[in-house]
Amino acid sequence: MTSPYSMAMDQLTDILRSRVPQEPPEIAAIKGYIWDNFQSPATILIQNERIVIAVESAALANTLRFRLTQLQSIAQTSKQLVFRIG
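Computed from a predicted model, the values in this text were never measured in an experiment.

J.: Sorry if this is basic, but what is going on with the overall build of the chain here?
T.: Helix and strand counts for the chain come out as four helices and three strands. Ordered by position in the sequence, the α and β elements of the chain form the string α-α-β-β-α-α-β. For the chain, whose C-alpha radius of gyration is 19 Å, the value lies well above the compact-globule estimate of 12 Å for 86 residues. A principal-axis box enclosing the C-alpha atoms of the chain has dimensions of 65 × 25 × 20 Å. A buried classification covers 24% of the 86 residues belonging to the chain. Look at the contacts in the chain between residues 6 or more apart in sequence, and 52% of them connect residues 24 or more apart. Of the accessible surface of the chain, which amounts to about 6300 Å², a share of 54% is contributed by carbon and sulfur atoms.

What follows is the structure, encoded as structure tokens:
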């Protein structure tokens, strides 16, 4: 005999298994911009008041800093953009 807890966990597992996570539009826009213009992957993390963008090279991070306002308009955000190398 299965317990109600076990049945609830099985149902929860089924729900989570069928869920397809989606990126927030800001992440998709920034990743797309970086890939389209520089053919480089980026890791992006959204926090409360900022968006952290990690790229592989210092040269790319510096180039993106010069395009800060363009990235903010593409992502349609007023959050602070922070660039990291790594």
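Having put the structure on the table, let's press on.
J.: Can you help me understand unusual backbone geometry in this one?
T.: Note on backbone geometry: most residues besides glycine have negative phi, and most peptide bonds are trans. Phi is positive for Gln-39, close to 45 degrees, though the residue is something other than glycine. Along the chain, Gln-39 falls in the loop between α2 (25–38) and β1 (42–46). For Gln-39, a relative accessible area of 52% corresponds to the exposed category. The backbone of Gln-76 sits at a positive phi, close to 50 degrees, despite the residue not being glycine. Summarising the element assignment, Gln-76 is placed in the loop between α4 (68–75) and β3 (80–85).

J.: Would you mind showing me how to read the pattern of salt bridges here?
T.: A side chain of one charge can pair with a side chain of the opposite charge when the charged atoms of the two come close. Per the stated rule, a full pass over the model turns up two salt bridges. Notably, a salt bridge pairs Lys-31 with Glu-23, separated by 2.9 Å at the nearest N-O pair.

J.: What exactly am I supposed to notice about the pairing of β1 here?
T.: On a regular strand, each side chain points to the face opposite its neighbour's, so the side chains alternate between the two faces of the sheet. Relative to strand β2 (residues 50–55), β1 is paired through five bridges, and the arrangement is antiparallel. Among the inter-strand pairings, Leu-45 is bridged to a residue of β2, identified as Val-52. Taken together, β1 and the strand that follows it, β2, pair antiparallel across an intervening segment of three residues.

Definitions and cut-offs
- Residues numbered from 1 in each chain as written.
- Predicted model: local features only at pLDDT ≥ 70, side-chain atom pairs only at ≥ 80, totals over all residues.
- Heavy atoms only, no water.
- Helix = DSSP H or I, 4+ residues; strand = E, 2+ residues; numbered from the N terminus.
- Rg over C-alpha atoms; globule rule 2.2 N^0.38 Å.
- Buried < 20%, exposed > 50% of the residue type's maximum accessible area, 1.4 Å probe, protein only.
- Contact = heavy atoms within 4.5 Å.
- Areas by Shrake-Rupley, 256 points an atom, 1.4 Å probe, with all protein chains shown as cover.
- Salt bridge = Lys/Arg side-chain N within 4 Å of Asp/Glu carboxyl O.
- Pairing = 2+ DSSP bridges.

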